[in-house]
Amino acid sequence: MGITYSAHDLQFSWDGKRDVFRDISFSLQSGEIFCIIGPNGTGKSTLMKCMIDILEYQNGVAMIDGTDIRKIDRKTLAKKIAYVPQGYQVAFPYSVLEYVLMGRAPYISAFSSPDENDLNIALRAIQEAGIMHLMHKSVNEVSGGEHQMALIARALAQEPELLLLDEPTSHLDFGNQMQVLYLVERLKEKGITIVMTSHFPDHAFMVSDLVGIMKNGSFVTIGPAEKVITNMTLKETYMVDIHVEFVEIAGRKVCIPIKNIPGCKCPVHPISSFQQN
């Protein structure tokens, strides 16, 4: 279970003039968690799509287990890799069970229906995601956090060896964020290789083996969270003061944003200066 993944000098541009990202290189061993952090608009989501050939990168090569990903047929690729996008909308009122069963598509021929084995795998995925109580509920009626877990369950139904999660904790409350992170840890224990993007450097401290800090379309640094997530790297990445400190009760380092924003040219008006029309 789990596969190795490597990217060498990946580069992508929408128009052939301005790179979205460039010179992207990294390698992952089976069962590793790679967390990519960085500001909005730096190319994280686009990189993920290129990593699995949803978008076609212009230069470089991506490989799984030493094979160029572009030389692997789509059906085989879908059995090895699952991708959970951010902000995915569903047009039809499928039940959560039906929705998760769609993850079995790579294993079912065009004119066949899911069999008992497919159903059992989907049920295990739902149980793993902790949403058995939602099984018969419409996927359009569940909360954002529950929908996110349904998306992950659908990905697990593919029985992937590599799982890509694009900002899986965005817009989730603390409880649902922790539920997602606990699930990520359990999947790692099963040997699944995981790549996730996040806006929360704290999450990288909690679950990652390797962290890539991305800015302006390139990796600033790659390494273990303890080494690469520092006051200096976070300030240079997000352009705000962030203090990284070990908190004993948490048993790990945490990131604490400082209120002042260096270089901010936004005018600050006292409340009393605003007049009601």
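What this report covers is the structure whose coordinates are included nearby. Source: prediction; values computed, not measured.

Remarks on the packing of aromatic side chains
In the structure shown here, the tally under the stated rule is seven aromatic pairs. Arranged with centres 6.1 Å apart and planes meeting at 25 degrees, the rings of F12 and F21 form a pair that is stacked. A residue is classified by how much of its surface remains accessible, and F12, at 3% relative accessible area, is buried. Their ring planes at 40 degrees and their centres at 4.8 Å tell us that F26 and F34 sit as a pair that is tilted. Judged by its relative accessible area of 0%, F34 is buried. Taken together, the aromatic side chains of Y5, F26, F34 and F219 make up a single cluster linked through ring pairs. A cation over an aromatic ring shows up here: R104 above the ring of Y107, its NZ or CZ 4.0 Å from the ring centre.

Remarks on the sheet that holds strand β1 (residues 5–13)
Strands sit in the order β2-β1-β4-β5 across an open sheet of four strands; the sheet is antiparallel. Among the strands making up the open sheet, the edge pair consists of β2 (19–28) and β5 (67–68). With six bridges connecting them, β1 and β2 associate as antiparallel partners. When the bridges of β2 are listed, F12 appears paired with F21. Contacts from helix α1 (residues 44–51) reach β1, β2 and β4 (59–64), with the element oriented near 60 degrees to β2.

Some points on the pairing of strand β11 (residues 242–247)
Here β11 runs beside strand β12 (residues 252–257); their pairing, made up of six bridges, is antiparallel. Looking at β12, one finds that I242 is bridged to P257.

Some details on the nonpolar core
Counting residues in hydrophobic clusters, the biggest one holds 51 residues, and the most contacted among them are I131, L163 and I229. By residue number, the principal contributor to this core is helix α5 (residues 144–157), which donates eight residues. Formed by 32 residues, the second largest nonpolar core is a distinct cluster that contains A7, L55, I64 and F219.

Brief notes about unusual backbone geometry
Phi at E159 takes a positive value of approximately 55 degrees, unusual for a residue other than glycine. On the secondary structure map, E159 appears in the loop between α5 and β7 (162–166). Assessed through its relative accessible area of 35%, E159 is described here as partly exposed. Positive phi, normally seen in glycine, also occurs at M239, with a value near 65 degrees. Residue position: M239 is located in the loop between α9 (231–238) and β11.

A short note on α9
Along an α-helix, residues three or four positions apart point the same way, because every turn accommodates 3.6 residues. Buried residues of α9: T233, L234 and T237, and no others. Down the axis, α9 shows its buried residues gathered within 95 degrees of arc, on one side only. Buried residues in α9 make contact with β3 (33–37), α7 (201–207), β9 (210–215), α8 (225–228), β11 and β12. Positive phi shows up at M239, right after α9, with a value of about 65 degrees.

Remarks on the pattern of salt bridges
Scanning the entire structure with this criterion turns up 11 salt bridges. What you see here is one network of salt bridges that share partners, running through R104, D118 and E159.

Definitions and limits used
Residues numbered from 1 in each chain as written. Predicted model: local features only at pLDDT ≥ 70, side-chain atom pairs only at ≥ 80, totals over all residues. Heavy atoms only, no water. Phe/Tyr/Trp six-rings, centres within 6.5 Å; stacked < 30°, edge-to-face > 60°. Buried < 20%, exposed > 50% of the residue type's maximum accessible area, 1.4 Å probe, protein only. Lys NZ or Arg CZ within 6 Å of the ring centre and 35° of its normal. Pairing = 2+ DSSP bridges. Helix = DSSP H or I, 4+ residues; strand = E, 2+ residues; numbered from the N terminus. Contact = heavy atoms within 4.5 Å. Axes fitted to C-alpha atoms, helices over the stretch in contact; angles between N-to-C directions. Core = buried A, V, L, I, M, F, W, Y, C linked by side-chain atoms within 4.5 Å. Arc of directions from axis to C-beta. Salt bridge = Lys/Arg side-chain N within 4 Å of Asp/Glu carboxyl O.

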